[in-house]
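# What the coordinates show
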Amino acid sequence: MLLNILQIAISLVLIAVVLLQVKGSGFGAALGGMSGGSVYRTKRGLERTLFQATILLVLAFILVSFLSVYSQK
């Protein structure tokens, strides 16, 4: 029960972080297009923090999902 609530909370935060990332880039870049003509640029500041938070939240979501399935057996 607690793991299910934790999984829902992590998923909601993950959705918010992903939406903030997409809002920060252009609409064309969100669909796979080029943004501003540059092929590669480094992530800085808030963009980098959101990117790292996304990775951590995905790992936490996967871990909680496995624990949830394992605890039901």
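Residues numbered from 1 in each chain as written. Predicted model: local features only at pLDDT ≥ 70, side-chain atom pairs only at ≥ 80, totals over all residues. Heavy atoms only, no water.

## Let's talk about the overall build of the chain
- Tallying secondary structure elements over the chain gives 3 helices and 0 strands in all.
- Helices and strands in the chain line up, N terminus first, as α-α-α.
- Expressed as a percentage of its 73 residues, the buried residues of the chain come to 14%.
- At a minimum sequence separation of 6, the contacts of the chain that also span at least 24 residues come to 85%.
- Working note: accessible area of the chain is about 5,900 Å², and carbon and sulfur atoms make up 72% of it. (Helix = DSSP H or I, 4+ residues; strand = E, 2+ residues; numbered from the N terminus. Buried < 20%, exposed > 50% of the residue type's maximum accessible area, 1.4 Å probe, protein only. Contact = heavy atoms within 4.5 Å. Areas by Shrake-Rupley, 256 points an atom, 1.4 Å probe, with all protein chains shown as cover.)

## Thoughts on helix α3 (residues 46–72)
- For α3, which comprises 27 residues, the first-to-last C-alpha distance of 38 Å matches the rise-based estimate of 39 Å (1.5 Å per residue) to within 8%.
- Within the span of α3, buried status applies to L50, T54, L57, V64, S65 and S68. (Expected span 1.5 Å × (residues − 1).)

## Points about the environment of V17
- Following the sequence through the fold, V17 ends up in helix α1 (residues 2–24).
- Placed 40 residues apart in sequence, V17 and L57 show a C-alpha to C-alpha distance of 9.1 Å.
- Apart from the residues within four sequence positions on either side, V17 is in contact with L50, T54 and L57.

## A few points about the nonpolar core
- Counting residues in each nonpolar core, the largest one holds 6 residues, listed as I10, L14, V17, L50, L57 and V64.
- Sorting the residues of this core by element identifies α1 and α3 as the ones contributing at least two each.
- Setting aside residues no more than four positions away along its own chain, L50 makes contact with V17, L20 and Q21. (Core = buried A, V, L, I, M, F, W, Y, C linked by side-chain atoms within 4.5 Å.)

## As for the confidence of the model for the chain
- Put simply, the chain has an average pLDDT of 83, and 75% of its residues get 70 or more.
- Taken element by element, the chain is modelled with least confidence in helix α2 (residues 27–30), mean pLDDT 53, and with most confidence in α3, mean pLDDT 94. (pLDDT = per-residue confidence, 0-100.)

## Examining the environment of V58
- Tracing the backbone through its elements, the reader meets V58 in helix α3.
- Owing to a relative accessible area of 33%, V58 belongs among the partly exposed residues under this scheme.
- For the pair V58 and S11, spaced 47 residues apart in the sequence, the C-alpha separation amounts to 8.5 Å.

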